[in-house]
Amino acid sequence: MRAKLFTFGLKEDKGTPEYVCPSCNRIGLLFDPAENNYKAQDQLCRICGFRISDKHDNAVKNWNDAWTECGREILFDKPYEERCEYYRKTFYSFYGKYFYVASDMEIENKEFDDKLFSQYGFLHKKDDTKKILVRCDDGNFWEFSYETNTIIYLDDLKKYFAVGEDHERFYLFAGDGLTHGDSSATDAYRGGYIGFVPDMFPLYYPLFYPDDRECILMDQDKKKYYFKIECSVA
Ligand SMILES: [Zn+2]
């Protein structure tokens, strides 16, 4: 089950649409899409969900194709929860025309093409001069050889993470079992890397290498885990 995303504009259902949507060619817009103002540009079509502000190449056509693949159902005929779910499905189908998006099966099995990371600029690196250290406040300790774009498991399959590196910045992508007690872990849009955050990794954090600061995560038993990258060469 994928996380909820992109609910912006889906709740508001006052008013009667008067304008034709450029994507589905049906009357689904409240405001004239030709007008260059916030209301006109930020609206989405109540029939197909196309966002007027979307400026991807061929967005108008690709959204229509995605909506067709999802069954051409009328978005705002659905109750709110279903509407969000249907919108999300259409969005992923649309986004998948531009980017590699992990399938439900890949997410389930935690198996994926390296493109999932590399398309966002994260390099696949192995580096023997670095290691990834994790300690838990219950006394457990793990040491992993440094490799990015790769799922690394602690002692059970729910507690996993991956390290990402781009332009000398380091990130910790945290799996399901390691993001408890984080107030920012809500259903709202959590930004960034569609196709793997938040579907595979609910949240991500900065890692501070070569700085010694640790990134702290918590499991459901409120045990804390401290992550850092360390230089392994004395
Ligand atoms: Zn439309």
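It should be emphasised that the depicted structure is a prediction, and the values quoted were computed from it without experimental measurement.

Enquirer: Describe the pairing of strand β10 (residues 224-231), listing the residues and the values that go with them.
Expert: Of the pairings in the sheet, the one linking strand β3 (residues 126-136) to β10 comprises seven bridges and is antiparallel in character. When the sheet's bridge partners are listed, L133 is paired in β10 with K228. Where strand β9 (residues 215-218) hands over to β10, the hairpin turn is made up of five residues, of which K222 adopts a positive phi near 65°.

Enquirer: Go over the domain arrangement of the protein, please, and point to the residues and values.
Expert: Each assigned domain of the protein is listed here: domain 1 (19-95) and domain 2 (107-231). With centres defined by C-alpha atoms, the gap from domain 1 to domain 2 works out at 34 Å.

Enquirer: I'd like a description of the nonpolar core, backed by residues and values.
Expert: With 31 residues, the main nonpolar core has L172, F173, A174, F201, Y204 and L207 as its most contacted residues. Going through the elements one at a time, α5 (115-118), β3, β6 (160-166), β7 (169-174), β8 (203-207), β9 and β10 are the ones with two or more residues in this core. Broken down by element, the residue count for this core peaks at five residues, all from β7. When near neighbours in sequence (up to four residues on either side) are disregarded, F201 contacts A162, F173, A174, G175 and F196. Of all hydrophobic cores here, the second largest spans 17 residues; its members include C45, C48, A66 and W67.

Enquirer: Lay out helix α3 (residues 80-95) in plain terms, naming residues and giving numbers.
Expert: Three- or four-residue spacings in an α-helix give side chains the same orientation, since the helix completes a turn every 3.6 residues. Relative to the 22 Å expected for 16 residues at 1.5 Å per residue, α3 spans 22 Å between its end C-alpha atoms, a close match to the ideal helical length. Along α3, the positions that sit buried rather than exposed are R83, Y86, Y87, T90, Y92 and F94. Taken together, the buried residues of α3 touch α2 (59-69).

Thresholds, definitions, all that
Residues numbered from 1 in each chain as written. Predicted model: local features only at pLDDT ≥ 70, side-chain atom pairs only at ≥ 80, totals over all residues. Pairing = 2+ DSSP bridges. Helix = DSSP H or I, 4+ residues; strand = E, 2+ residues; numbered from the N terminus. Domains from an automatic or database assignment. Core = buried A, V, L, I, M, F, W, Y, C linked by C-beta atoms within 7 Å. Buried ≥ 20, exposed ≤ 12 C-beta atoms within 10 Å, placed from the backbone. Contact = placed C-beta atoms within 7 Å. Expected span 1.5 Å × (residues − 1).

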